[in-house]
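The primary structure of each chain is shown beneath.
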Amino acid sequence: MSTFDALREQLLDAAEAFSGGGDALSGILSGMVDDVDRMLGEKLEIFPVCHHSPASALAMTRRLRDKRPKVVYLELCEDLQPLLSELRNCRLPVALQAFATRLDGFPAGSGPLSVVAPVTEASAEYQAIAYALDTPGVELVLVDRSVDHVFQWLPREPAEAGPGAAPDGRTSPASPGSPGSPAPSGATASPAGGLVGEADDGQEEEAALHGDAVGVEIGDLRPGFAELEAYLLHHGKVRHWSEWWDQYVEQPLAGADHDTYRQAMALVGSLFRRLRPSSGDRLAVDEERERYMWARIREHLAASGADPAECLYVCGAFHAVSRVAEFGLESAAPPYTVTPRTATQWLYGLIPSSHSAIEAQFGLAQGSVSIAAATWAKATARGGVTPYRLAGQQGGRARSGRTGKAGKSGNPVTPEPAPDRLSGFLAAPPALDGLDEDELRGWCVDIVRLARRNGYLASTADAIAVFETSILLAGVRGRARPTPYDFADAAVTCIEKDAVPGRRDVRRLCEILLGGDRVGVVGYEALPPLARDVYDRLEPLGIDLGRRTQQRVLLDLTANPELRPCSDLLWMLRYLLPDDAVRPIMGARRLGERPIQESWDLAIGRHQRSIVELGYEGVTIEQVLEQRLRRKVRDPRATAGTALEAVEDAILYLGGGRFADELGARAVELLAAERTVDDAPEVLRRIRRLLAHYRATGPGLPAWCEAFVTAGYAHYCTLLPSAFADDTGVRQVGAMLGFLFSMEGLALSLGCDRTQLELAVRQSHPEAPAKVALLWAAETQLGLLPRDELRARCDGLLDNPLVVPAFPLYLSGFVQALDPVPGLAPFVVEALSKAFARLPDPVLLPWLPTLITTLRRNVPELVPVLVREAGRTFPGGLAELDGWTPPWERPAAPALSVRAAPAPSGPVTGLLARHPAACDAVAGLLGCPADWPEWPAGGVPDAGEERVRALLGRYPATAGAVAALLGG
C-alpha cells in the first residue's frame, strides 16, 4: 500500500481521458508519483532544493531548526570544503573558485581551467553552511565530484581541425565557458548574451565577474529541451523561465509546510527528469554524479558511524528523484568505483560575485536574482523565520543562527511516513496574497523619482499610470497581485515610451529600485598572499582599495620619493590586470624616461577577482610577471618581436639583469628559426630601442645583443632575395634593409662580411614597382647605382605614359627607403616635384588620389620626414618663390682647374713617399687611381697662402700673441 495510490489513480484517469489510452503519458505521470514515493521512503532524509530560491532557503531554515541534524551532506564539489570557513570574512555574494593553469592529464592547450560556485544569502546551501559551521557538534560533508572530475566529465563533441583537439578525436575542454558548449546539470557554462535588455557599462562589468569559468550550483531545475520551455512560457503568459518559476513554483511554495514542500519540489524535479532526452551526454553525466554522491555518503556513514536519522542530504530536486541503481543507503548495486583525479594542481580561493554575474552564468532573467534577494529579505522581515548567518559575516544585519547543539530539540528517531500532501496541493487553488497597495504605491512613486533623476520627463500622472497598469497586467496574466515583473513591464510601458535619454533604461531602473545588483567583496583575511601583499604595498597611497568606484591618485615622485615603490607596483598591475583596473592619466614608462609626476585612475576594488586569480600564479607580483614573460617567449607561436617586447618589459618592470639576458637569448633563437620576415618592422623598432638603452646605461652591449645583430644580419641577407621576389610586403622588405644598413657598422665590427649584403642585393630581382624602388635605393646606398643614373631612371618612368599610372607605387617604395637610406630624402622630394611639374592636368588630377591613398596606407609614419625635407628645399615665403629655381634645375658649377699643389712636408708625408705601397693598396680597394704627382722642390705657394702671408705681415701683433701663448 503506497501513500500516493489515490493520487496515482487520479493521474492515470486523467492520462486516459487526455491521451485516449496511450502508454506514454500514463507512464510519465505514474513514474513521477513513483519517484516522489521512492524519495520519501529513503532512510536518509533527502531535502530537494533549487538554486537561489527563497522558497528553498525558507524551507531549509525551518527544517534545520526543527530537525537539528548532526551531519549535513551537501551537493557541492568536495575539494571546495576548506574554503567554506572563509565565507565569514566576505560580504556575499561571493563565489568559491578552483583554478588551474599548469595542466597534467588534460589535452594540451585546454587551460586555464576555472570552476566557480556562487553563494548568496538567499540560498538553501548558504543556510546549511551557516548552520553547520556555527552549530557545535554538526559536521558538514561535501559529497559532489571534485572540480577535476567536472572537467573530466564535460561532454566533448567531435573535434574539428584546430590546436585544441585531443588525441582521441574529441575536443578538449579549452573553453568550457564558451557559448554553446554543453555542460552537465549543476555545471553550466556562461551563455553568450546572458543579459536581457540593455545595460550600462557598470552592469556589464559586474556580469563578467566570473569570466569564462564553469559555474557549479545546487539544484538546476529547467526543462531539458527548448520545446517544453517555450510551451510553458507561452501558456504561462511570461517572457522568461525565471518569471514562470517565480509565479508557478516559488510563490506557492514560499509558505508551504515541510512535507508539502518536499513532495512538490520532488514532483517538479521528476517532471523535468522524465521529460529530458535520455540519449544526451548531459543525463549520463548527471547520473554519474549521483552515483558519486551516494558512494561518498555511504563511505562517510560507514567511517563515522552516524545515524542516518540524524543526517540530512541537501541536493537539487533533479538529483533527489534519481533512478540510478546506487540510489539509497540500502542499494544492492555493486560498489561504485571513483575514477582517480588527474595530476593537475588545483588552486582554491574566493572571488567576488554579483547578482548580474549569477544571472549571466546560469541564463536567468536580468534582475531575477535581485528580485529573489528582495523576496527573501521581505519574508525574513515578517518575522516568520530567523535565517542562519555565519558569525562575523560582513554586510547586512548580524543575526545568529546558533540556538544550541544539534539534536537537543527535535526527534532524532526516524519519523512516521509523511501523509499525501500532493493531492491537496495540486487540487486546491494557490493561496495568493492580496494586493498590497502600499507596497505597489511606493514602487510607483520611487520609480518616477528615479526616472526623473535619469533624464525622463516623468510626473505624478506617470506614477498613477504605472499603478493602474500593473494591476491590469496582473489581472490579464491571472495573478491576484502584481509581481515585480508586472510592475517592471508597466513602468516600461508608461515611462520609457519611445526613447532612452540616458544610459539606463527603465527596466534597469526597476532593478535598481527592487534591490539593485549586489556585488560581493572578499575580505582581507580570505585573500591569497599575493593580493594581501598588493593591498599592503599600496597602503601609502591613502585610498580605500575596497571601493568599487574609480579613484584618482597623484604621485609626486620628486617631493615624495617613498612613493616610487607604489609607482613600480602600479605599472606592474597595469601590465597584468585589465585595462580599466589601473589606468595612467599622466606619466609613461618607457626606456630612458623616468617621470617626475604620475596620475592614476584606480579601480582595484572593482577588479578584485583578477587580483585573486593572480594569487594562484605566484606569491608576489614580480614572480607572476616573470612567469608570464617566460611563458610568453616559450609559447609555440612566439616570434623574435614578441621576445624583444618581453625583454623590454623585463627591463621596465623588473630591472633587466640576468632575466632580460635570458629572454634576449631566446629572441636570438627565435630569429634564427624564423622562415618569414613578417615580424621585421617590429624587430627593427625594438632592437634599435634596446641598443640605444644599453649604450646609454651601460659600459657595453650584452652578449645577446651582439648575437642578435650578427644573427639578424646573416638571416636577413639570406632571405632578402626571396623577400624581393615573393609576395612579402613592402614594409617588411624596407624593415629588412633598415636592419641591414643601420646595424651594418656594428655587424661588421662583430665579424660579419659586407660582401654577403652586396651579393643579396645583386641577386634580388623584384617586379613590383614599390620593391623595384626599394632595390634602387639599396643599390644607391651600397654605391652600386650612382645618383645620376637613379635620376635618369626616374625621369624615364615619368616620360613613359604606360608607367605613369604606377608611379605612385614607385614613390611609395622610395618613401619606404627613407628609413634604411635617410640620405635619399632630397631625391624623393625631387622626384615628386618633377611629377607635379611634368604631368599634364588630365593625368595628374586622377593620379593624386591614388598617390595620397598609397602613401597613407603604406608609409604613414615616413611622410613627415618627406614633408620636413620639402620644407628645407622649397622657399619659406611667397616673395621668394618667383625667383626661386629648384636645386635639380640649376646649372652645374664649373669644374675647378687643378693646379699643381704645393708639396706637403712633414714626417707623415715623408713616410708615405718612401713607402707608397700602402697608399696604392687602399686606393685599389676603393677603386681610385693611384697617381702620385710630381712635387717641385720647395713647393709652389698658391694665392691663398700669399694672402695669409700678407695679412700676417700687416698685423704682426697677432702672430706674436699666439707665439707668446704657446711659449715660443
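Please refer to the structure higher up on the page.
Numbering of residues begins from 1 in every chain and follows the order in which that chain's sequence is written. Totals for whole chains, interfaces and linings use all residues, but because this is a predicted model, local features are given only for residues with pLDDT of at least 70 and pairs of side-chain atoms are given and counted only at 80 or more. The side-chain numbers reported here are obtained from all heavy atoms of the structure, hydrogens and water having been left aside.

1. As for the sheet that holds strand 14 (residues 597–602)
Item 1. Between any two strands, pairing holds if DSSP finds at least two bridges. The secondary structure listing takes helices from DSSP runs of H or I that are at least 4 residues long and strands from runs of E that are at least 2 residues long, numbered from the N terminus. Ordered by their spatial adjacency, 3 strands build an open sheet running 12-14-13, and the pairing between neighbours is antiparallel. With partners counted over all chains shown, the strands left at the sheet margins are strand 12 (551–556) and strand 13 (582–586), one partner each. Neighbour-to-neighbour, the strand axes of the sheet open up by a mean angle of 25°, direction not taken into account.
Item 2. Relative to strand 14, strand 12 runs antiparallel, the two being bridged by 6 bridges. Counted as the bridge partner of L555 is E598 from strand 14. For every element, the axis is a line fit to its C-alpha atoms; helices are fit only across the contacting stretch, and the angle between N-to-C directions ranges from 0 to 180 degrees.

2. Regarding the pattern of salt bridges
Item 1. Salt bridges are defined as contacts in which a side-chain nitrogen from Lys or Arg sits within 4 Å of a carboxyl oxygen from Asp or Glu. Per the counting criterion, the structure on display carries 50 salt bridges.
Item 2. Residues E310 and K70 are paired through a salt bridge, measuring 3.7 Å at the closest nitrogen-oxygen approach. With E310 in the loop between helix 10 (281–304) and strand 9 (311–316) and K70 in the loop between helix 3 (54–67) and strand 2 (71–77), this pair connects stretches of sequence that are 240 residues apart.
Item 3. With its nearest N and O atoms 2.9 Å apart, the salt bridge here joins R589 to D568. Here R589, found in the loop between strand 13 and strand 14, pairs with D568, found in helix 20 (residues 564–576); they are 21 residues apart in sequence, far enough to count as distant.

3. Considerations on helix 22 (residues 621–634)
Item 1. Helices are assigned an expected span. That span is 1.5 Å times one less than the residue count. The terminal C-alpha atoms of helix 22, which comprises 14 residues, lie 20 Å apart, in line with the 20 Å expected from a rise of 1.5 Å per residue.
Item 2. All of the buried residues along helix 22 are I621, V624, L625, Q627, L629 and V633.
Item 3. Contacts between residues were defined by any pair of non-hydrogen atoms, one from each residue, lying within 4.5 Å. Here the buried face of helix 22 lies against helix 19 (529–537), helix 20, helix 21 (608–614), helix 23 (640–654) and helix 24 (658–673). Each residue is assigned to one of three classes by its accessible area relative to the maximum for its type, calculated with a 1.4 Å probe on protein chains only: buried under 20%, partly exposed between the two thresholds, exposed over 50%.

4. What about the side chain of D649?
Item 1. The residue D649 is located in helix 23 in this model.
Item 2. Two residue types count as positive, namely Lys and Arg, and two as negative, namely Asp and Glu; His and chain ends fall outside the count. As a buried residue without a salt bridge, D649 has its nearest oppositely charged side chain in K632, at a separation of 4.0 Å.
Item 3. Excluding anything up to four places from it in sequence, D649 contacts Y575, L629, K632 and L654.

5. Thoughts on the sheet that holds strand 9
Item 1. Pairing is parallel across the open sheet formed by 4 strands, whose spatial order is 1-9-2-6. With partners counted over all chains shown, the strands left at the sheet margins are strand 1 (45–49) and strand 6 (139–144), one partner each. Taken pair by pair, the neighbouring strands of this sheet meet at an average axis angle of 30°, ignoring direction.
Item 2. Sitting on the sheet, helix 4 (residues 124–134) touches strand 1, strand 2 and strand 6, and the angle it makes with strand 2 is about 135°.

6. Section: the packing of aromatic side chains
Item 1. Each aromatic pair joins two rings of Phe, Tyr and Trp (for Trp, the six-membered one) with centres within 6.5 Å, and gets the label stacked for planes under 30 degrees apart, edge-to-face for over 60, and tilted for any other angle. Applying the stated criterion across every chain yields a total of 20 aromatic pairs.
Item 2. Ring geometry for W153 and Y292: centres 6.0 Å apart, planes at 75°, overall edge-to-face. Here W153 is found in the loop between helix 5 (147–152) and strand 7 (187–188), whereas its partner Y292 is found in helix 10, with 139 residues between them in sequence. In this structure, W153 and Y292 share a single accessibility class: buried.
Item 3. Between W776 and F814, the ring centres sit 6.4 Å apart and the planes meet at 40°, which makes this aromatic pair tilted. In this pair, W776 is assigned in helix 30 (residues 769–782) and F814 in helix 32 (residues 807–816), connecting sequence segments 38 residues apart.

7. Examining helix 25 (residues 680–697)
The α-helix advances 3.6 residues per turn, and as a result positions three or four apart in sequence lie on the same side.
Item 1. Between its first and last C-alpha, helix 25 extends 26 Å over 18 residues, near the 26 Å set by a 1.5 Å rise per residue.
Item 2. Among all positions in helix 25, only A680, P681, V683, L684, R686, I687, L690, L691, H693 and Y694 are buried.

8. Digging into a nonpolar patch on the surface
Item 1. A surface patch of nonpolar side chains, about 270 Å² in accessible area, is lined by L554, I585 and M586.
Item 2. With respect to the helices, strands and loops of the structure, M586 is situated in strand 13.
Item 3. The class of M586 is partly exposed, set by a relative accessible area of 36%. Residues enter patches when they are more than 30% accessible in relative terms and free of salt bridges; like-charged ones are connected within 9 Å and nonpolar ones (Val, Leu, Ile, Met, Phe, Trp, Tyr) within 5 Å. To measure how exposed things are, a 1.4 Å probe is used in the Shrake-Rupley method; for residues, cover is taken only from the protein chains shown.

9. As for the packing of helix 32 against helix 33 (residues 825–838)
How two helices sit against one another is set out by the angle between their axes and by the gap between those axes.
Item 1. Between helix 32 and helix 33, the least distance of the axes is 10 Å, while the angle of their chain directions is 165°. Classified by the angle their axes make, helix 32 and helix 33 are roughly antiparallel. The element helix 32 and its partner helix 33 pack so that their crossing is left-handed. Judged by residue contacts, F807, L811, F814 and V815 of helix 32 engage F827, V828, A831, L832 and A835 from helix 33.
Item 2. The classification used treats Ala, Val, Leu, Ile, Met, Phe, Trp, Tyr, Cys and Pro as nonpolar, Asp, Glu, Lys and Arg as charged, and all other residues, Gly among them, as polar. Across the contact of helix 32 with helix 33, the residue classes tally to 9 nonpolar, no polar and no charged. Working definition: roughly parallel below 35 degrees, roughly antiparallel above 145 degrees, roughly perpendicular at 65 to 115 degrees, and oblique for all remaining angles. Less than a right angle of anticlockwise turn of the near helix away from the far helix marks a crossing as left-handed, whereas a clockwise turn marks it as right-handed.

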